[in-house]
Amino acid sequence: MTTTTPARGRRRAPSRMERAAGRAAAFQKPRVVLALLLLLALTSVMLLDGYLRSEIGNDARVRDGAAYDKVPGRILDGGPLLTFDHGTARTQSVPDRTIVLTFDDGPTATWTPQVLKVLEENDVDATFFMVGSMISRYPGVVKSLVKQGNEVGIHTFTHVDLSYQSAARLQRELKQTQLALAGAAGVTTTLFRAPYSSEIDAVDNYSWPVYQEIGGLGYTSVFVDTDSDDWKKPGVSKIVRWATPKKDKGAIVLMHDAGGDRSQTISALGTYIKKMKAKGYTFTTVSGAQAMLNGSRSGVGRQSGSAGAGASAGAGVGAGSGGTGAAQSAQHQAAGATLYEGRALVYAVAVAEWVVPALSWFLLVVGVAVMGRFGMMLVLARRHHRLRNRGRGKGGRGGGRFSWGPAVTRPVSVIVPAYNEKECIANTLRSLARSTHPIEIVVVDDGSDDNTSEIAESLGMPNVRVVRQENAGKPAALNNGVRIARHDIVVMMDGDTVFEPDAVHQLVQPFADPEIGAVAGNAKVGNRTTLIGAWQHIEYVMGFSLDRRMYDLLRCMPTIPGAIGAFRRDAVLGVGGMSEDTLAEDTDVTIALHRAGWRVVYQEHARAWTEAPGSLRQLWSQRYRWSYGTMQALWKHRKSLTDKGPSGRFGRVGMPLVVLFQIVTPVFAPLIDVFTGYSMVFVDFRAALLAWLAVLAVQLVCAAYAFRLDREKYRYLVMLPLQQLAYRQMMYLVLIHSCVTALTGGRLRWQKLKRTGEVGTPAGAGR
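Worth saying up front: this structure is predicted, and the values here are computed from it rather than measured. (Residues numbered from 1 in each chain as written. Predicted model: local features only at pLDDT ≥ 70, side-chain atom pairs only at ≥ 80, totals over all residues. Heavy atoms only, no water.)

Draft legend 1. Region of interest: the overall build of the protein. Helix and strand content of the protein: 22 helices and 21 strands. Of all 767 residues assigned to the protein, the portion counted as buried reaches 56%. The long-range share in the protein, meaning contacts at least 24 apart out of those at least 6 apart in sequence, stands at 81%. In the structure as shown, the protein presents an accessible area of about 32300 Å², 56% of it carried by carbon and sulfur atoms. (Helix = DSSP H or I, 4+ residues; strand = E, 2+ residues; numbered from the N terminus. Buried < 20%, exposed > 50% of the residue type's maximum accessible area, 1.4 Å probe, protein only. Contact = heavy atoms within 4.5 Å. Areas by Shrake-Rupley, 256 points an atom, 1.4 Å probe, with all protein chains shown as cover.)

See below:
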C-alpha cells in the first residue's frame, strides 16, 4: 500500500535539507579549526608552564674541575667585573671599603619582598641577578624592586650551565630574560651573571668562550669576591662572617633571595649591613661601583624615584641613556617590540600560572567523578541485571520470576523513517517480517531520490505501508508515521537497522505497566569486523549494558535510541511529537516524556543490529550531531531544574548526571590525556605510565563486566587500549566541536550517512 502526503504549498529547489547542509558546511570547518585551536592553546599553556618550572628543556648538568689553560692569566687574577672593549677583555675590582650586595636566583613572592624591606630600612641598594622564568612569574616583585632603586641583572631564563649549551640556546636565554624584564618593569640590563659561577678564577676552557660571546653582545659579566654560602643555611653568624671581606677590601657579596628557605638570609642581612656600615663601608650597586672606578661619584648613592631608561633589541642590549643615576646606569628603558613582546610574555605566563593549577585541581575532581561513575555503574548495572533477569535461569531462584505484568500481545505499529536507504531497506523490512509479534509496518519515505520506496513496495509484504513525503527531516517523518499509525504502541527504528525475531515482542512487554511511556531497546553494532566498527561495538556495549541500566534504576533515562525504541502513541502526541527544535529528537522526546510524568525503562532483551559509520568522516558527522543535539535538548528543558513533580525530579537527578557524565567529564577528559602525555615526556615516565595503566585497568574491568552482562565475546576487548589512544581522542574533539557550535549559537540539521547494507540477518548474541 502506498500513500503520498501532499506538501503544504510547493517548495522550490533547493530543498530544506540542501539548504541546511549548505549552512552546516559553512559553519562546520571554522568550528573544527576553533576546537583544535583551543586544544593547541591549552597544550601551549602547559608547555609554557613546564618550561617555566624547568620540566621542559631542563639541563641539570653542571661542569666542575675543567682545565683553564686557555683562559688568559690576567683574567683569572683579575677582579670580578669582566667587560670586553672591542674584543679585548678587561677586569675591574670593587673599590676598597665598598660593598656591592648581590642576590641570585630570584625573584620570589616570599623572600624577595622581605629582602627589599631590610634594604629599605637600612637605606641600601643592591643588585639582583634574576632568573627570567621567575621574573615572568612574579612581575610585580620586579617592578617594586626597580622602583625602590635597586639594580637588575640577568641570571639566564632557566638557570642552566651555559658551558653545555649551544650559541642559539645562549642567545635565547638572554633574549627571553630581557623580554621578561621588559614586560615586568619596563627595563633591560647589560649586567650578567652565569648560573653556578663564583670567583673569576673559576673560569675554565669551556666557560671562557661563553663569556667572550656575552661580552661581545655588550654585557658586563659579574662574578663574586665573597660568598656568604647562605644556601647552606649555616646560621646567621656564619653568614655574616663569611660575607665579610678581608682587610677592608671592597667586595661583591653573594646572597640568595630564592632557592628554598631564606629566613636565615633575611635575619643575617640587617645585621650584616649594620656591621659593615659601622666599619666604614659604603654600599652601592654594580653600576655604582663601576661609576666610582671610572671617576664619577655622582648618583652612586641611593636613588629615589623610578628606575629608568635605555633601549634593548634582539638578543643583545642596545646602548642608551635614561638611567636615574650611576647606581642604575646598566638599566635601560625598554621600548618598541621588546616592550610589547615582554608584556605579552608576562601576560601569557600569568595565564599559565592560573590556568594550569586550576585545571589540575579541576581534573582531580573530574578524575574522582569518573572513578565514582565507574563504581556506580558497576553496582547499579549488577543490581539491574539481577532484578530484570530474576527467574530466567535454571530453577527460577531469587524470590520469583520478574514480570512487567500481563503479557502484551496486541498488535503494534513499527515506523521506519527512510531517506535514501536503498542499500538497507530490504534487510530492515525482511527482519521485521520474521517478527514473532503482530505488527504493522509504516515506511515513511522522506523525499528519497534513490528508489527506497520502490524497493520497499517490491517486497510485496502485506503488512507494509509506504508513505511518501517531501523531504522535511527525520522528526517530520516520524511524526507523520505516528499520526497514521493504527495501534496504541509505536515502535521506532532507523532505516538501516535489523531486528531480531523477538525484538518487538520483548520491547513492548514493559507496557504492561501503565506508568511506562517509553522503552529503550538494546542496539548492537552489526558491522563490527572493522577497526572502527569494533571500537564502536565496545562503546555501544558499555553504553547500553552499564549506562542505560544505571539510568533505568535511577529513573532518569536520557535517551531512547533511534535504532530501537517503543512509545505509547498517546504519550508521544501528548508532548507534541518529535520536535524539530534539536538535532537529537530522540533525547528531546525522552526528556519531554519524563517531564510529563511518564516512566522510561531499558529492555536489555530487545536487540537490534545497526550499521555503524564505516569511516572516520561519517563517524565524526554522526557523533557531532548526537552530542550537539544532546546539548540542545538539555538547554531546551533547562527549566526542569526548578520544576516540581516528575519534571523537577528529572531536572535535579537526570539533568546533572547527563551534564556531568556526557558533557563536562568528556570535555575535560582530553586534559587528563594531555597531562598524562606531558608527564610521560617531561616529568616521570614510569609514574605517569603506571597511572594510565591503572585507569585503563579500571575501564577494562567495566568493559568486561558489560560484555558479560550482554553475553558478548571478550575478544573485542583487545581493542580497548588502542581505542583509548585513538578513538576516544576523536570523540573528545567531536564533543569540543559541539561545545564550540553551541557557544557560538550555530544551527545544524541532521545529516544522512552513507550506508553499505552489510548488516543483514542478525548475528547471534554472542558474535
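Draft legend 2. Representation of the confidence of the model for the protein. This prediction gives the protein a mean pLDDT of 84; 85% of its residues lie at or above 70. Contacts from residues 5-13, a stretch scored under 50 in pLDDT, to residues over four places away or in other chains number eight contacts. Under a pLDDT of 50 for its full length, residues 761-767 has, in the predicted model, 20 contacts with residues more than four places off or in other chains. (pLDDT = per-residue confidence, 0-100.)

Draft legend 3. Structural detail: the environment of Gly288. In this fold, Gly288 is placed in helix 10 (residues 286-293). On the accessibility criterion, Gly288 (0% relative accessible area) is buried. Linking Gly288 and Ala330, residues 42 residues apart in sequence, is a C-alpha distance of 9.4 Å.

Draft legend 4. View of a positive patch on the surface. Together, Lys238, Arg241, Lys275 and Lys279 line one region of the surface with positive charge. Mapped onto the elements, Lys275 comes out in helix 9 (residues 263-278). The partly exposed category is assigned to Lys275, whose relative accessible area is 32%. (Patch = residues over 30% accessible without salt bridge, like charges linked within 9 Å, V, L, I, M, F, W, Y side chains within 5 Å. Salt bridge = Lys/Arg side-chain N within 4 Å of Asp/Glu carboxyl O. Lys, Arg positive; Asp, Glu negative; His and termini not counted. Charge placed at Lys NZ, Arg CZ, Asp CG, Glu CD.)

Draft legend 5. Structural view of helix 9. Taking 1.5 Å per residue as the helical rise, helix 9 with its 16 residues ought to reach 22 Å, and the 24 Å between its terminal C-alpha atoms agrees with that figure. Taken as a whole, helix 9 carries its principal kink of about 25° at Leu269. Looking only at helix 9, the buried set comprises Thr265, Ile266, Ala268, Leu269, Gly270, Tyr272, Ile273 and Met276. Against the buried residues of helix 9 lie strand 4 (98-104), helix 3 (111-121), helix 8 (236-243), strand 11 (251-256) and strand 12 (282-284). Downstream of helix 9 by a residue or two, Gly280 has a phi angle that is positive, lying close to 90°. (Expected span 1.5 Å × (residues − 1). Bend = angle between axes of the 7 residues up to and from the residue.)

Draft legend 6. Local environment of unusual backbone geometry. The peptide bond linking Gly106 to Pro107 adopts the cis configuration, its omega dihedral lying at 0°. Along the chain, Pro107 falls in the loop between strand 4 and helix 3. At Tyr196, a position not held by glycine, the phi torsion is positive, near 65°. Note that Tyr196 resides in the loop between strand 8 (191-192) and helix 7 (207-216).

Draft legend 7. Up close: the nonpolar core. Judged by nonpolar contacts, the single largest core of 99 residues is most densely connected at Leu432, Val443, Val491, Phe499, Leu546 and Phe567. Looking at which element gives the most residues to this core, the answer is helix 16 (residues 531-553), with nine residues. Dropping the residues within four chain positions of it, Val491 is found in contact with Val412, Ser413, Val414, Ile415, Phe499, Val504, Leu507, Val508, Gly565 and Ala566. The next biggest cluster of nonpolar side chains, apart from the first, holds 72 residues, and it includes Leu48, Val187, Ala243 and Val356. (Core = buried A, V, L, I, M, F, W, Y, C linked by side-chain atoms within 4.5 Å.)

Draft legend 8. Broad picture of the side chain of His537. Along the chain, His537 turns up in helix 16. Residue classification places His537 among the buried residues on the basis of a relative accessible area of 0%. In this structure the side chain of His537 is engaged in a polar contact, spanning 3.4 Å, whose partner is the side chain of Arg528. (Polar contact = N/O pair within 3.5 Å; in protein donor to acceptor, adjacent residues only side chain to side chain.)

Draft legend 9. How the structure looks around the pairing of strand 2 (residues 81-85). Judged by how many residues are buried, strand 2 sits mostly within the fold: four of five residues are covered. Strand direction decides the pairing type here: strand 2 and strand 3 (residues 88-92), joined by five bridges, are antiparallel. The residue of strand 3 that forms the bridge with Phe84 is Ala89. A loop of two residues connects strand 2 with strand 3, the two strands running antiparallel in sequence, and His86 in this loop sits at a positive phi of about 55°. Where strand 2 and strand 9 (residues 220-222) come together, two bridges link them in antiparallel fashion. (Pairing = 2+ DSSP bridges.)

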